[in-house]
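Structural overview for review
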Amino acid sequence: MATVATPRATVGWLARRSTAQRFQRGLAYTVLSTGGVAMMLPFLWLISSSLKEPAQIFVFPPEWIPNPIAWQNYPDLLTKLPFFLYARNTLIITLSAMLGQVLSASMCAYAFARLRWPGRDLIFAIKLATMMLPFAVTMIPVFVIFKTLGWLNTFLPLIIPYWLGGSAFYIFMLRQFFLTIPFELDEAARVDGAGSWRIYGQIILPLAKPALTVVTILSFFQHWNDFLGPLIYLSSADKRTLALGLNALQGLEWGRDTTHLVMAFSVLMITPIIIMFFAAQRVFVQGIVLTGIKG
């Protein structure tokens, strides 16, 4: 005959389970907190080094708190090189390319996810296959094309390609999200006389804000931090981006002992990225979670 647990035994079991759960939760928080602090150390060291004199940066053992604090590093940086010119160039390229990438990728994803046309799945597979091509393979042919068009030393090679299909990765992300939207909405809209463009603009895009936010943030990061593209296509000093300006600051162009200025430059360069991420953090995480639910 099966025995029935006594109330005292049940209470003891629940107490042991609650203690084990609290221990596991505390252990998880400890591990995650330790990992978070470890990941923050390079950023904190960057800020600390940006407020030091050059000789203080390489002192061993390292000093986390500058003494004295060299606030002058930031005014010196802004007077020694045209930081705001580099920021303007970077902003023009980033916003223009990001807008084109989001629009063109969403259009392509809508066609692959919501429309039926011959060869759709084959073309989508070929599009995904382009993700396997390293940039070094296409770098020279693409450079020759832009040279033939007379686009060298202009912003066009860094902007126009992103208006012509976006990116295979972003198309894939948005397609997966668009597939989670009920097709009954399209059918109801077509019954009311709506066409594909109206369904795309008034139904799909408003419902896809989390995924579009993810693509927008990732695209912003991509173009804001891009170094190789501007290095290949831009040659004039007045067309440099922040990445090229940071690289020039580390070279012989500005002399030696510029490490403290490099650190200050890096802090100013990554500040917009940090602000943008925290401003859209909740929507960003939501979009990452929801994207890819349906294959």
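Just so you know, these numbers come straight off a predicted model, no measurement behind them. Counting of residues starts from 1 at the beginning of each chain's written sequence and follows it residue by residue. Selection of residues for local features in this predicted model requires a pLDDT of at least 70, selection of side-chain atom pairs for listing and counting requires 80 or more, and totals for whole chains, interfaces and linings are taken over all residues. Working from all heavy atoms in the structure, the side-chain values ignore hydrogens and water.

**Concerning the overall build of the protein chain**
Counted only if it meets this: Only runs of H or I of at least four residues qualify as helices and only runs of E of at least two qualify as strands under DSSP, and these elements are numbered from the N terminus. Three labels apply to residues, based on accessible area from a 1.4 Å probe with only protein chains included: buried if under 20% of the type maximum, exposed if over 50%, partly exposed otherwise in between. Note on definitions: a residue-residue contact is assigned when non-hydrogen atoms from the two residues lie within 4.5 Å. Only the protein chains shown count as cover for residues, and the accessible areas themselves come from Shrake-Rupley with a 1.4 Å probe.
Across its full length, the protein chain carries 14 helices and 0 strands. Its helices and strands in sequence order give the protein chain the pattern α-α-α-α-α-α-α-α-α-α-α-α-α-α, from N to C terminus. Residues classed as buried in the protein chain amount to 35% of the 295 residues present. For the protein chain, long-range pairs separated by at least 24 residues make up 73% of all intrachain contacts whose partners lie at least 6 apart in sequence. Carbon and sulfur atoms make up 70% of the accessible area of the protein chain, which totals about 17800 Å².

**A short note on the confidence of the model for the protein chain**
Reading fine detail from the predicted coordinates is not recommended where pLDDT is low. Let me state the cut-off plainly: For every residue, the predictor assigns a confidence score, pLDDT, that lies between 0 and 100.
Across the protein chain, the average pLDDT comes to 84, with 88% of residues at or above 70. Within the protein chain, helix α4 (residues 83-114) carries the highest mean pLDDT (94), whereas helix α14 (residues 281-290) carries the lowest (64).

**Regarding the packing of aromatic side chains**
The condition is simple: We call Phe, Tyr and Trp rings a pair once their centres come within 6.5 Å, taking the six-membered ring for Trp, and we label the pair stacked below 30 degrees between planes, edge-to-face above 60, and tilted otherwise.
This structure, assessed with the given rule, holds 12 aromatic pairs. Ring centres of F169 and Y170 lie 5.7 Å apart, and the angle between their planes is 55°; on these two criteria the pair is classed as tilted. Overall, the relative accessible area of 39% leaves F169 in the partly exposed class. Consider the rings of W197 and Y200, whose centres lie 6.1 Å apart with planes at 85°: the pair is edge-to-face. You can see W197 and its partner Y200 sitting in helix α9 (residues 196-207), 3 residues apart, about one turn around the helix. On the basis of relative accessible area, W197 is assigned to the exposed category, the value being 65%.

**A short note on the pattern of salt bridges**
As a reminder, the rule being used: A pair is scored as a salt bridge if a Lys or Arg side-chain nitrogen falls within 4 Å of a carboxyl oxygen belonging to Asp or Glu.
Throughout the structure, instances matching the rule amount to 2 salt bridges. With its nearest N and O atoms 3.4 Å apart, the salt bridge here joins D121 to R120.

**Notes on the environment of E63**
Inspection of the secondary structure puts E63 in the loop between α2 (54-57) and α3 (73-80). Accessibility expressed as a relative area gives 33% for E63, which makes it partly exposed. Put simply, E63 and K52 are 11 residues apart on the chain and 9.7 Å apart in space, counted from C-alpha to C-alpha. Once residues within four sequence positions are removed from consideration, E63 is found in contact with W45, S48, K52 and Q56.

**Comments concerning helix α7 (residues 168-178)**
Each turn of an α-helix holds 3.6 residues, which means side chains three or four residues apart point in the same direction. Of all 11 residues in α7, 9 are buried, a share of seventy percent or more. Listing the buried residues of α7 in full gives A168, Y170, I171, M173, L174, R175, Q176, F177 and F178.

**Considerations on the packing of α4 against helix α5 (residues 120-129)**
Filter applied, for reference: Angles here are taken between N-to-C directions and fall from 0 to 180 degrees, while the axes themselves are lines fitted to C-alpha atoms, restricted in helices to the stretch in contact. Working rule for angles: under 35 degrees goes down as roughly parallel, over 145 as roughly antiparallel, 65 to 115 as roughly perpendicular, anything else as oblique. Crossings are sorted by hand: turned counterclockwise from the far helix by less than a right angle, the near helix makes the crossing left-handed, and turned clockwise it makes it right-handed.
Where α4 contacts α5, the axes come no closer than 9 Å and their chain directions differ by 135°. Comparing their axes, α5 and α4 come out oblique. With respect to the hand of their crossing, α4 and α5 are arranged in left-handed fashion. The segment α4 lies against α5, with A111, F112 and A113 engaging R120, I123 and F124.

**Re the packing of α4 against α9**
We count it as follows: Residue classes follow a fixed rule: Ala, Val, Leu, Ile, Met, Phe, Trp, Tyr, Cys and Pro count as nonpolar, while Asp, Glu, Lys and Arg count as charged, and any other residue, Gly among them, counts as polar.
Taken N-terminus to C-terminus, the directions of α4 and α9 make an angle of 105°; their axes are 11 Å apart at the nearest point. On the basis of the axis angle, α4 is roughly perpendicular to α9. Of the residues in α9, those touching α4 at L103, S106, M107, Y110 and R114 are S196, W197, I199, Y200, I204 and L205. Among the residues making up the contact of α4 with α9, the classes are represented as 8 nonpolar, 2 polar and 1 charged.

**Quick word on the side chain of S266**
By the secondary structure assignment, S266 is in helix α13 (residues 259-279). On the basis of relative accessible area, S266 is assigned to the buried category, the value being 15%. Look past the residues within four positions of S266 in its chain and what remains in contact with it is L46 and L246.

**Things to note about unusual backbone geometry**
For the bond from N67 to P68, the omega torsion is 0°, close enough to zero to count as cis. Notably, N153 is not glycine yet its phi reads approximately 60°, a positive angle. Looking at the secondary structure, you find N153 in the loop between α6 (135-149) and α7.

**Digging into the layout of surface pockets**
Quick reminder of the rule: Buriedness for pockets is judged along seven lines, at least five of which must meet protein on both sides within 12 Å for an open set on the 1 Å grid over protein atoms alone, while cavities are sets there where a 1.4 Å probe fits but cannot get out, and lining residues have an atom within 4 Å of a point. Grid points are joined across faces, edges and corners, and a volume is the space filled by probe spheres set on the points.
By volume, the largest pocket amounts to about 990 Å³. Along the wall of the largest pocket there are 34 residues; nearest its centre are F135, T138, Y162, G166 and Q222. Considered class by class, the residues forming the lining of the largest pocket number 21 nonpolar, 11 polar and 2 charged. At the level of elements, α4 and α8 (184-191) are the ones that each hand at least two residues to the lining of the second largest pocket.

**Structural notes on the nonpolar core**
Note on soluble globular proteins: their nonpolar side chains tend to be buried together. We apply this condition: Buried Ala, Val, Leu, Ile, Met, Phe, Trp, Tyr and Cys residues form a nonpolar core when they are joined through side-chain atoms within 4.5 Å. Boundary definitions for the domains trace back to an automatic or database domain assignment.
Grouped together as the largest cluster of nonpolar side chains are 52 residues, with contacts concentrated most on L77, L174, F178, L242, F265 and M269. Looking at this core, the elements that each hand over two or more residues are α3, α4, α7, α9, α10 (209-224), α12 (242-250) and α13. It is α4 that provides the largest number of residues to this core, a total of 10 residues. Here this core spans two domains, since at least three of its residues come from each of domain 1 (18-76) and domain 2 (81-294). If we skip the residues at most four places from it in the chain, L77 touches L249, L261, A264, F265 and L268.

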